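Listed below, chain by chain, are the residues.
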Amino acid sequence: MKKIIVAVAILFSATLMAQDAKPTFEKQGDIIKGTFFHDNGEIRQQGFYNKEGKLHGVWKSYDVTGKKIAMGHYANGIKTGKWFFWSKDKLSEVNYSKNQIADVTTWSDKDNVVVNYHN
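Quick notes on the rules
- Residues numbered from 1 in each chain as written.
- Predicted model: local features only at pLDDT ≥ 70, side-chain atom pairs only at ≥ 80, totals over all residues.
- Heavy atoms only, no water.
- Pairing = 2+ DSSP bridges.
- Helix = DSSP H or I, 4+ residues; strand = E, 2+ residues; numbered from the N terminus.
- Axes fitted to C-alpha atoms, helices over the stretch in contact; angles between N-to-C directions.
- Polar contact = N/O pair within 3.5 Å; in protein donor to acceptor, adjacent residues only side chain to side chain.
- Contact = heavy atoms within 4.5 Å.

### Concerning the sheet that holds strand S3 (residues 43–49)
Then, in step 1: One open sheet holds the 8 strands; their spatial order is S1-S2-S3-S4-S5-S6-S7-S8, and the pairing between them is antiparallel. A strand with exactly one partner marks an edge of an open sheet, and here the two such strands are strand S1 (24–28) and strand S8 (100–108). When strand polarity is set aside, the average angle formed by the axes of neighbouring strands in this sheet is 15°.
Then, in step 2: Bridge count between S1 and strand S2 (residues 31–37): 5 bridges; the pairing is antiparallel. Bridged to Lys27 within S2 is Ile32.

Below, the structure is given as structure tokens:
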């Protein structure tokens, strides 16, 4: 009986999470942390906004299973520096300069490069 109650509780909380896919915003000092969700409750994107409401700092994107698919940096709403995009057996490094793509490097499994970074 105890196992049934636990199973029902888990199912109920999973259902609530799936229905509550609204973004959350959390003030952290002078910045706001924004978290956006897939319909199944997994995080879709997470990052920060500055005082002016512009994207600022590290942003990460995840697929519907929770696997990281992109990571990069914004400075006052502008994409800057190296961004990384993971897909199947490839890792793409995209360098941005003044919000425009400066160059792209892509590696695959056969290049003996780690193609997935967790965190």
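Picking up after the structure, the text goes on.
### Topic: the pairing of strand S6 (residues 78–87)
When a strand is regular, its side chains alternate between the sheet's two faces.
Then, in step 1: With 5 bridges connecting them, strand S5 (residues 68–75) and S6 associate as antiparallel partners. Following the sheet pairing, Met71 is matched in S6 by Phe84.
Then, in step 2: Connecting the antiparallel pair S5 and S6 is a turn made up of 2 residues, with Asn76 showing a positive phi of about 55°.
Then, in step 3: As judged from the 7 bridges shared by S6 and strand S7 (residues 90–97), these two strands associate in the antiparallel manner. Directly across from Ser87, in S7, lies its bridge partner Lys90.
Then, in step 4: Count of turn residues in the S6/S7 antiparallel hairpin: 2 residues, of which Lys88 carries a positive phi of about 40°.

### Some points on the side chain of Asn95
Then, in step 1: By the element assignment, Asn95 lies in strand S7.
Then, in step 2: One polar contact links Asn95 to Asp103, side chain to side chain, over a distance of 2.9 Å.
Then, in step 3: Those residues within four positions of Asn95 in sequence are excluded, and the remaining contacts are Gly81, Lys82, Gln100, Ile101, Ala102 and Asp103.

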